[in-house]
Amino acid sequence: MKKKVGFLGWRGMVGSVLLKRMKKKKDFKKIKSFFFTTSQVGQKSPNIKNVGNIFLYDAYDISILKELDIIVTCQGSAYTNTIFFKLRKICWKGYWIDASSTLRMNSDSIIVLDPINYNNILSGLNFGIKTFVGGNCTVSLMLLALGGLFQKKLIDWVSVSTYQAISGGGAKHLQELLLQIKYISKIIQKNEKYLEFSILELEHKILKSLFHNNFPKEYLKVPLVNSLIPWIDTLMKNGQSKEEWKGMAETNKILSSKKKIYIDGNCVRISSLRCHSQSFTIKLLKNVSISDIYTLIQEHNKWVKIIPNVPEETMQYLTPTFVSGTLKIPIGRIRKLNFGELYLSAFSVGDQLLWGAAEPLRRILKILIS
């Protein structure tokens, strides 16, 4: 009998990418799917085979939710906090798959990234774990890029600077960035004459426009176009942002590390639309040649690809533009640093809506239904 699977938050960015991937991989043929909404109850469900009801259910109707075998939610932390504990309180025994961070660090949940922790997932299932959560986007992308080094326990610590796409902030932030781009494009169109003889005059006009009262910054609070934001998420007591804290906390939980791996750095929001980039400084536990590092990284999983440390290929393939909309995890700029043979540099890029969010959820669902 096909498992009954409920989907919530399927209209959002992560949810819509998840549904697109599931359609492409024909995952819906293996389940009986039910779609829920917080605002459009009774309207038609998406046109998908094996849908349990052609109309949308109420996302807060516990009587319907408790009949499901699996719930997949991309609805966000507020929904999880409202519904998850109510279901568990009435002894619902189904599997909960969540894109939000709410349950990630709970002792009875597993952060899912099966190319990295497949054995831990199977072990958790055998021990009765029912809660599976997608990890932080940069953590998942880092682990996939450096998987071979983590697997061989070669990493002592990692200092990372992230350059994170605006899609990581949600749809409203992405929309506002596009409005900011539109705003300054009008300034450029009005002042095209300066392109020919006084580019600095045009630059001054653009800069001045960023501080105008009408400049769109309701959600971002500051200009991101022509700029960056060196802060993501809330302030922690130790001076980290919460996004920076997640790097070490989630990595060690995913790897079930007996020896803690130290990870820290600065997380920066940039104007890329949907790909996160990361610059790594890695302290190795022993001296490993660059050729062996290439082999370990390349052979770990089929999505990672080594980009030679030369200008032409780096600029063409190690960019958000090249990676966007794909499952590729290119990694390059691999070289030993002047600090010594144990110190390694690397740079990686990945689509935060795919491997950074939707794909791990799709893959744990596939494991649960098989």
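As shown above, the structure is provided for reference.
This structure is a prediction, so every number in the text was calculated from the model and none was measured.

Digging into the sheet that holds strand β6 (residues 109–112)
Strand order in this open sheet of 7 strands is β3-β2-β1-β4-β5-β7-β6, and the pairing throughout is parallel. Since the sheet does not close on itself, it has two edges, and those belong to β3 (57–58) and β6, each with one partner. Where β6 meets strand β7 (residues 131–134), 4 bridges bridge the pair, whose relative direction is parallel. Among the inter-strand pairings, S109 is bridged to a residue of β7, identified as T131. Where helix α3 (residues 77–89) meets the sheet, it contacts β1 (3–8), β4 (70–73), β5 (95–98) and β7, and its direction lies at approximately 170° from that of β5. On top of the sheet, helix α14 (residues 354–369) reaches β1, β2 (31–37), β4, β5, β6 and β7; it is set at about 165° to β5, its chief contact.

Details of unusual backbone geometry
Even without glycine at this site, D233 takes up a positive phi of about 80°. Secondary-structure assignment places D233 in the loop between α9 (199–209) and α10 (242–255).

What about the side chain of D156?
As for its position among the elements, D156 is in strand β8 (residues 155–164). By relative accessible area, which is 16% here, D156 ends up buried. D156 has contacts with K259, I261, Y262, K283, L284 and L285, leaving out every residue within four places of it along the chain.

Topic: the nonpolar core
Counting 67 residues, the largest nonpolar core has F7, I70, F132, I331 and L365 as its most contacted members. Looking at this core element by element, the count peaks at 10 residues for α14. Every residue in contact with F7, bar those within four places of it in the chain, is listed here: L19, M22, F28, I31, S33, F34, F35, F36, V72 and L365. Judged by nonpolar contacts, the second largest core, of 16 residues, contains L8, Y57, I71 and L87.

Things to note about the pairing of β1
Moving residue by residue along a regular strand, the side chains alternate between the two faces of the sheet. The pairing of β1 with β2 spans 5 bridges and is parallel. In the strand pairing of β2, F7 is matched with F35. The parallel pair β1 and β2, bridged by helix α1 (residues 13–24), forms a crossover whose chirality is right-handed. As paired strands, β1 and β4 are joined by 4 bridges and run parallel to one another.

A few points about the sheet that holds strand β9 (residues 262–269)
Strand order in the open sheet made by the 6 strands is β9-β8-β10-β13-β12-β11, with mixed pairing throughout. Among the strands making up the open sheet, the edge pair consists of β9 and β11 (304–306). On average, each strand axis in the sheet is inclined to that of its neighbour by 20°, with strand direction left out of account. Direction of pairing for β8 relative to strand β10 (residues 275–284): antiparallel, over a ladder of 8 bridges. Counterpart to W157 in the pairing with β10 is K283. Sitting on the sheet, helix α5 (residues 137–145) is in contact with β8, β9, β10, β11, β12 (329–336) and β13 (343–351), with an inclination near 55° to β10. Against the sheet, helix α11 (residues 290–300) engages β10, β11, β12 and β13, with an angle of about 160° to β12.

Rules of the game
Residues numbered from 1 in each chain as written. Predicted model: local features only at pLDDT ≥ 70, side-chain atom pairs only at ≥ 80, totals over all residues. Heavy atoms only, no water. Pairing = 2+ DSSP bridges. Helix = DSSP H or I, 4+ residues; strand = E, 2+ residues; numbered from the N terminus. Contact = heavy atoms within 4.5 Å. Axes fitted to C-alpha atoms, helices over the stretch in contact; angles between N-to-C directions. Buried < 20%, exposed > 50% of the residue type's maximum accessible area, 1.4 Å probe, protein only. Core = buried A, V, L, I, M, F, W, Y, C linked by side-chain atoms within 4.5 Å. Right-handed = clockwise from strand over helix to strand, strands pointing away.

Fair warning: the whole summary comes from geometry, so function is off the table for now.
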